[in-house]
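Residues per chain, in single letters:
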Amino acid sequence: MVKILHAKEVSFIWDILNEIPDPEIPVISLVELGVVRGVEWVDTQLQITITPTYSGCPAMRMMEMDIEQSLRKEGITDFKIAMQYHPAWTTDWMSEATKSKLKTYGIAPPQAHTKQRIGVLISDAPTEVACPQCNSVNTKLISEFGSTACKSLMKCNDCLEAFDYFKCI
Ligand SMILES: [Zn+2]
């Protein structure tokens, strides 16, 4: 069994992980979200390193179970999921392609970059968030918490659509 496992390329494992959708945003995968930090062999055991998005994020346990199930389905049973808390997860780990997927899905992607956010609280309303429907930046914050704790609920003053904004952290 160990031999078979070693024959599988690490990139194949990444491919499997990249098929696992985020439990909250099914259009993006755990890899795209930036939760999966590493796939490597530690002695004879495969280790998958993940970083939680938000501490206490209720979806995290579900993500772990999804990873376990997906790997087992491919016959990979000898592996360990390691949690890595430092460096802390940041929305900067999402690629531009991932952010545009969020937008297509109707969620305004995180806007700021790390250096602009230093000293800014997570709960601070972003200055300019474009509406995912009409691209207008004439939007306002309705509630700091949208459908989940990591999103704010916003509303567009132009097309009047309410939408989720993925907060920057
Ligand atoms: Zn709009």
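Here is what the cut-offs are and how they apply
Residues numbered from 1 in each chain as written. Predicted model: local features only at pLDDT ≥ 70, side-chain atom pairs only at ≥ 80, totals over all residues. Pairing = 2+ DSSP bridges. Helix = DSSP H or I, 4+ residues; strand = E, 2+ residues; numbered from the N terminus. Axes fitted to C-alpha atoms, helices over the stretch in contact; angles between N-to-C directions. Core = buried A, V, L, I, M, F, W, Y, C linked by C-beta atoms within 7 Å. Buried ≥ 20, exposed ≤ 12 C-beta atoms within 10 Å, placed from the backbone. Domains from an automatic or database assignment. Contact = placed C-beta atoms within 7 Å. pLDDT = per-residue confidence, 0-100.

The subject of this paragraph is the sheet that holds strand S6 (residues 151-156). The strand order across the open sheet built from 4 strands is S4-S7-S6-S5, with neighbouring strands paired in mixed fashion. Each edge of the open sheet is held by one strand with a lone partner, namely strand S4 (107-108) and strand S5 (139-143). Looking at chain direction, S4 and strand S7 (residues 162-166) are connected through 2 bridges and run parallel. The residue of S7 that forms the bridge with Ala-108 is Tyr-165.

Strand order in the open sheet made by the 3 strands is S1-S2-S3, with mixed pairing throughout. At either margin of the open sheet sits one strand with a lone partner, and together these are strand S1 (36-42) and strand S3 (79-83). Looking at each pair of strands side by side, their axes are set apart by 20° on average, direction ignored. Both S1 and strand S2 (residues 45-50) contribute to a ladder of 6 bridges, which runs antiparallel.

Sheet topology places S5 next to S6; 4 bridges connect them, and they run antiparallel. Looking at S6, one finds that Thr-139 is bridged to Cys-156. The sheet contact formed by S6 and S7 spans 5 bridges and is antiparallel. Among the inter-strand pairings, Lys-155 is bridged to a residue of S7, identified as Ala-162.

Our next topic: the nonpolar core. Val-35, Ala-108 and Phe-163 are the most contacted members of the largest nonpolar core, which has 27 residues in total. When residues of this core are traced back to their parent elements, those giving at least two are helix H2 (10-17), helix H3 (30-33), S2, helix H4 (59-73), S4, S6 and S7. Of all the elements, H4 adds the most residues to this core, at 4 residues. A domain-level breakdown of this core finds at least three residues from each of domain 1 (2-83) and domain 2 (94-166). Residues in contact with Ala-108, not counting those within four places in the same chain, are Lys-103, Val-129, Ala-130, Pro-132, Met-154, Phe-163, Tyr-165 and Phe-166.

So, about the environment of Ala-82. Structurally, the position occupied by Ala-82 is in strand S3. Spatially, the C-alpha atom of Ala-82 lies 8.6 Å from that of Thr-51, the residues being 31 residues apart in sequence. Here Ala-82 is in contact with Gln-47 and Thr-49, once residues within four sequence places are set aside.

Another point: the confidence of the model for the protein chain. Per-chain confidence: the protein chain averages 84 in pLDDT, with 84% of residues scoring 70 or above. Here helix H6 (residues 114-117) stands out as the least confident element of the protein chain, with mean pLDDT 44; H3 is the most confident, with 95. Contacts for the low-pLDDT stretch residues 114-125, under 50 throughout, to residues beyond four places or in other chains number 8 contacts.

With that out of the way, let us pick up unusual backbone geometry. Here the bond from His-86 into Pro-87 is cis, since omega is -5°, no more than 30 degrees from zero. Phi is positive for Asn-135, close to 70°, though the residue is something other than glycine. Turning to its location among the elements, Asn-135 is positioned in the loop between H6 and S5. Here Asn-135 falls in the exposed class, since 11 other C-beta atoms lie within 10 Å of it. Despite not being glycine, Leu-160 has its phi angle at roughly 65°, a positive value. Along the chain, Leu-160 falls in the loop between S6 and S7.

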